[in-house]
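# Survey of secondary and tertiary structure
The lines below spell out each chain.
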Amino acid sequence: MTDLTALFTDLVRLETRLYNVIGARLKAEHDLPLGQFEFLRFVAAHGTTRVYDLAREMAITVGATSKAVDRLEAAGRIRRTANPSDRRSSLVELTPAGADVLAAATPTVEAELQNWVGSILPAPVLEQLATSLTLLRRRAELDHRTDRHHSSNTGS
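None of the values given here were measured: they were computed from a predicted structure.

Cut-offs and rules
- Residues numbered from 1 in each chain as written.
- Predicted model: local features only at pLDDT ≥ 70, side-chain atom pairs only at ≥ 80, totals over all residues.
- Heavy atoms only, no water.
- Helix = DSSP H or I, 4+ residues; strand = E, 2+ residues; numbered from the N terminus.
- Buried < 20%, exposed > 50% of the residue type's maximum accessible area, 1.4 Å probe, protein only.
- Salt bridge = Lys/Arg side-chain N within 4 Å of Asp/Glu carboxyl O.

### So, the environment of proline 96
Residue position: proline 96 is located in helix α5 (residues 96-118). Proline 96 gets classed as exposed once you look at its relative accessible area, which sits at 59%. For the pair proline 96 and leucine 40, spaced 56 residues apart in sequence, the C-alpha to C-alpha distance is 12 Å.

Here it is, written out as structure tokens:
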């Protein structure tokens, strides 16, 4: 039987190490933190999006997301505008500079992932891993207890 605690530890440690190595390379080559890369990818994929939607996707608080958006806006990589449908929220979209840095950084991320994951696992295993992680992520996203705002509001 699989030791689920050991599996969890392996997932977390792998994610941390990959985040470190990819983040260091992105910062050195593109002056772009990995977290900002993830934000830019989401905005590029969704066009204009709400700060709230970014927060949900990244599983962080709206406050933390807003601060990250502030940094991206100060760097000229995204533009924030008032949401005409809801004055309490704002919308963000990529600027040309944001699209440029994303286009330059994407091959860097893909090369690192190929090096650390794609070159290690055979294609069928990689496909099964991708399918399994998607299934697990979807399950977690359906449970409000996994939301950052839920755990911070309950003190747990």
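Anyway, onward from the coordinates.
### Focus: the pattern of salt bridges
Using the criterion set out here, one finds 13 salt bridges in the structure. Taking the shortest distance from any N to any O, the salt bridge between arginine 50 and aspartate 53 comes out at 2.8 Å. A salt bridge links arginine 79 to glutamate 93, with the shortest nitrogen-to-oxygen separation between them at 3.0 Å. One end of the pair, arginine 79, is in strand β2 (residues 78-82); the other, glutamate 93, is in strand β3 (residues 90-94), with 14 residues separating them in the sequence. Residue classification places arginine 79 among the partly exposed positions, given a relative accessible area of 36%. Each of Arg25, Glu29 and Glu112 takes part in one network of salt bridges that share partners.

The quantities given are spatial measurements derived from coordinates; they are silent on function.
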